[in-house]
Amino acid sequence: MGKDVIVACDFASAEQTLAFLDKFTGRKPFVKIGMELFYAEGPEIVRQIKARGHRIFLDLKLHDIPNTVKKAMAVLSKLDVDITNLHAAGTTAMMQAALEGLTRPDGTRPLLIAVTQLTSTDQQSMERDLLIREPIDQVVMHYAETAKNAGLDGVVCSPLEAGKVHEACGASFLTVTPGVRFADGDVGDQKRVMTPAQAKAIGSDYIVVGRPITAAADPVAAYERCVAEFVD
Ligand code: C5P
């Protein structure tokens, strides 16, 4: 898979999501389905979007004991998604169990990437609540290396971290980066943002873009602008 724009379909229902995707008559964007939509609509929404020809990143961020994650991943492997994820904080044993569960009898599997530290976690909350005292950028890099050593395919990270992750884990280790905004757009609640062109320059493999596309007056034009800046 090459560089691509993944559209975060953060909608509350299948109806809203499919109406949004109906606007795209030419290209079939790579779609991210998160917890809200998946918990509201169940696996059927994944099958419906897949049947329309979209690639899917199923963003459920699993984190549990290895046996439970392995079994959950075995169920997800049947949904034919392209990328799914978990928390690296579940440790190496959990990540390896996840890979085992995700691998189908024919040896194929979706790509599996790890969340390192959530971008909503800052140094202060990490120290206070998690008792992790190292600088957060070192913690992120350590989690990325642990995910790589466990056999995972990449990480979700800030575009600002993508270059360093590639330096530490290799160019083929995927960096999937939210927090993307147009230079002239609203930042909203994202704190550390980059434009699609900057994310491309720093080496992100996939950018995850939600509201700059979903809330745009013309979502298809906004999507095409992202593709033009990031891919073309
Ligand atoms: O609307 P916006 O472009 O901010 O959407 C970004 C998407 O990426 C959302 O689905 C959000 O949950 C997700 N995400 C994020 N930051 C992370 C991990 C995921 O913004 N660290």
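Everything discussed here concerns the structure shown above.
Just so it is clear, the structure is predicted and the values come from calculations on it, not from any experiment. (Residues numbered from 1 in each chain as written. Predicted model: local features only at pLDDT ≥ 70, side-chain atom pairs only at ≥ 80, totals over all residues. Heavy atoms only, no water.)

Participant: Lay out the site of the ligand in plain terms, naming residues and giving numbers.
Facilitator: By nearness alone, every residue bordering the ligand is listed as Ala-8, Asp-10, Lys-32, Thr-119, Pro-178, Arg-181, Gln-190, Val-208, Val-209, Gly-210, Arg-211 and Pro-212. Side-chain polar atom of Lys-32 to an oxygen atom of the ligand: 2.9 Å apart, as the coordinates give it. Between Arg-211 and the ligand, the recorded distance is 2.7 Å, taken from a side-chain N or O atom to an oxygen atom. A majority-of-atoms criterion places the ligand in the largest pocket. (Near = heavy atom within 4 Å. Polar contact = N/O pair within 3.5 Å; in protein donor to acceptor, adjacent residues only side chain to side chain. 1 Å grid on protein atoms, 1.4 Å probe; cavity = no way out; pocket = protein on both sides within 12 Å on 5 of 7 lines; lining within 4 Å. Sits in = over half its atoms within 2 Å of the grid points.)

Participant: Tell me what's going on with the pairing of strand 5 (residues 111–115), and back it up with residues and numbers.
Facilitator: Of all 5 residues in strand 5, 4 are buried; the element is thus mostly enclosed. As paired strands, strand 4 (residues 83–87) and strand 5 are joined by 5 bridges and run parallel to one another. Residue pairing across strands places Leu-86 opposite Ala-114, the latter belonging to strand 5. Handedness of the strand 4-helix 5 (residues 91–102)-strand 5 crossover: right-handed. As paired strands, strand 5 and strand 6 (residues 154–156) are joined by 3 bridges and run parallel to one another. (Buried < 20%, exposed > 50% of the residue type's maximum accessible area, 1.4 Å probe, protein only. Helix = DSSP H or I, 4+ residues; strand = E, 2+ residues; numbered from the N terminus. Pairing = 2+ DSSP bridges. Right-handed = clockwise from strand over helix to strand, strands pointing away.)

Participant: Would you mind going over the nonpolar core in detail, with residue names and values included?
Facilitator: If you look at the biggest cluster of nonpolar residues, it comprises 60 residues, and the most contacted ones within it are Leu-86 and Ile-213. Element by element, the count of residues in this core is highest for helix 7 (residues 136–150), at 6 residues. When residues no more than four places from it in sequence are discounted, the contact partners of Ile-213 are Val-5, Val-7, Phe-20, Phe-24, Pro-219, Ala-222, Tyr-223 and Cys-226. With 12 residues, the next largest nonpolar core counts Ala-8, Ile-83, Val-156 and Tyr-206 among its residues. (Core = buried A, V, L, I, M, F, W, Y, C linked by side-chain atoms within 4.5 Å. Contact = heavy atoms within 4.5 Å.)

Participant: Tell me what's going on with helix 8 (residues 159–169), and back it up with residues and numbers.
Facilitator: Regarding helix 8, the residues found buried are Pro-159, Glu-161, Ala-162, Gly-163, Val-165, His-166 and Cys-169. At its buried positions, helix 8 is contacted by helix 7, strand 6, strand 7 (174–177) and helix 9 (196–202). Residue Ser-158 occupies the N-cap position of helix 8, its side-chain oxygen lying 2.9 Å from the main-chain nitrogen of Leu-160. Immediately downstream of helix 8, the backbone of Gly-170 shows phi near 100°, a positive value.

Participant: An account of the layout of surface pockets is requested, with residue identities and associated values reported.
Facilitator: Over the atoms, a rolling probe the size of a water molecule traces out where space has been left empty. Quantified by volume, the largest pocket comes out at close to 1,300 Å³. Leu-118, Thr-119, Ser-120, Pro-178 and Gln-190 are, among the 47 residues lining the largest pocket, the residues nearest its centre. Tallied by class, the residues present in the lining of the largest pocket amount to 20 nonpolar, 13 polar and 14 charged. Taken as a whole, the second largest pocket holds about 200 Å³ of empty space. Residue lining of the second largest pocket: Phe-38, Tyr-39, Pro-43, Arg-47, Leu-60, Leu-62, Ala-72, Val-75, Leu-76, Lys-78 and Leu-79, and that is the complete set. Elements with a minimum of two residues in the lining of the second largest pocket: helix 2 (35–41), helix 3 (43–51), strand 3 (56–62) and helix 4 (66–77). Considering each element in turn, the lining of the second largest pocket owes the most residues, 3 residues, to helix 4. Partitioned by chemical class, the residues of the lining of the second largest pocket number 9 nonpolar, no polar and 2 charged. (Points joined across faces, edges and corners; volume = space filled by probe spheres on them. Nonpolar A, V, L, I, M, F, W, Y, C, P; charged D, E, K, R; others polar.)

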